Amino acid sequence: MNKAIIFSTIIVLISACSNSVGRNIDADGVQQIHKGSTTRAELISLFGQPDTETPYPDGQQLLMWTYSEARAMDTTEGKTLTVQMKNGRVFSYVLSKS
């Protein structure tokens, strides 16, 4: 009986172990992005500072937020939000999951 309890406890503890990198990209936040009107400041208030920010000519920028979570004895989940800015407003965006 004691072995079964110890084994069950170990399994629960192992399955609960996880490691995440970045801030989780909330689907509700993504729905608040509007092409042509959402600004960089609004994106930062929704998702925090971007992980990467790349300037391009003609006032364009590429902003990226990434999140990944690895769990013991489970799959790894990843999300990347890529936003293209033009003249200070969202031009296009995509949320990819892996």
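Residues numbered from 1 in each chain as written. Predicted model: local features only at pLDDT ≥ 70, side-chain atom pairs only at ≥ 80, totals over all residues. Heavy atoms only, no water.

Q: Explanation requested: the environment of P57 in the structure shown.
A: The residue P57 is located in the loop between β2 (52–56) and β3 (60–71) in this model. The exposure class assigned to P57 is exposed, which follows from its relative accessible area of 59%. In this structure the C-alpha to C-alpha distance between P57 and K86, which are 29 residues apart in sequence, comes to 9.8 Å. (Helix = DSSP H or I, 4+ residues; strand = E, 2+ residues; numbered from the N terminus. Buried < 20%, exposed > 50% of the residue type's maximum accessible area, 1.4 Å probe, protein only.)

Q: Where do I start with the side chain of T38 in this structure?
A: By secondary structure assignment, the location of T38 is in the loop between α2 (27–31) and α3 (40–47). With a relative accessible area of 3%, T38 lands in the buried category. At a separation of 2.7 Å, a polar atom in the side chain of T38 contacts the main-chain amide nitrogen of H34. Discounting residues that sit within four places of it in the chain, T38 has contacts with Q32, I33, L43, M85, G88, R89 and V90. (Polar contact = N/O pair within 3.5 Å; in protein donor to acceptor, adjacent residues only side chain to side chain. Contact = heavy atoms within 4.5 Å.)

Q: Could you clarify how one ought to interpret the pairing of strand β5 (residues 89–97) in this entry?
A: Side-chain direction in a regular strand flips from residue to residue, so the side chains alternate between the two faces of the sheet. Bridging between strand β4 (residues 76–86) and β5 involves 8 bridges; their strand directions are antiparallel. Bridged to M85 within β5 is V90. Taking the residues between adjacent antiparallel strands as the criterion, β4 and β5 are bridged by 2 residues, where N87 takes a positive phi near 55 degrees. (Pairing = 2+ DSSP bridges.)

Q: I tried to follow unusual backbone geometry on my own but got confused; where do I start?
A: Negative phi values dominate among residues other than glycine, just as trans dominates among peptide bonds. Phi angles above zero are rare outside glycine, and D58 is one such case at about 65 degrees. Along the chain, D58 turns up in the loop between β2 and β3. In this structure, N87 takes a positive phi of about 55 degrees despite not being glycine. Assignment of secondary structure puts N87 in the loop between β4 and β5.

Q: Would you explain the packing of aromatic side chains in this entry?
A: The description of an aromatic ring pair uses the distance of the two centres, along with the angle that the planes make with each other. What the rule picks out here adds up to 1 aromatic pair. Ring plane angle 55 degrees and centroid distance 5.7 Å describe the contact between F47 and W65, whose orientation is recorded as tilted. Here F47, found in helix α3, pairs with W65, found in strand β3; they are 18 residues apart in sequence, far enough to count as distant. Looking at F47, the relative accessible area reads 5%, which means it is buried. Residue placement shows K86 over the ring face of F91; its charged tip is 5.3 Å from the ring centre. (Phe/Tyr/Trp six-rings, centres within 6.5 Å; stacked < 30°, edge-to-face > 60°. Lys NZ or Arg CZ within 6 Å of the ring centre and 35° of its normal.)

Q: Sorry, what's going on with the environment of G22 here?
A: If you trace the backbone, G22 turns up in the loop between β1 (18–21) and α2. Once the C-alpha coordinates of G22 and F47 are considered, the two residues, 25 residues apart in sequence, prove to be 10.0 Å apart. In this structure, G22 is in contact with T66 and Y67, ignoring residues within four places of it in sequence.

Read these as geometric descriptors, not functional statements.
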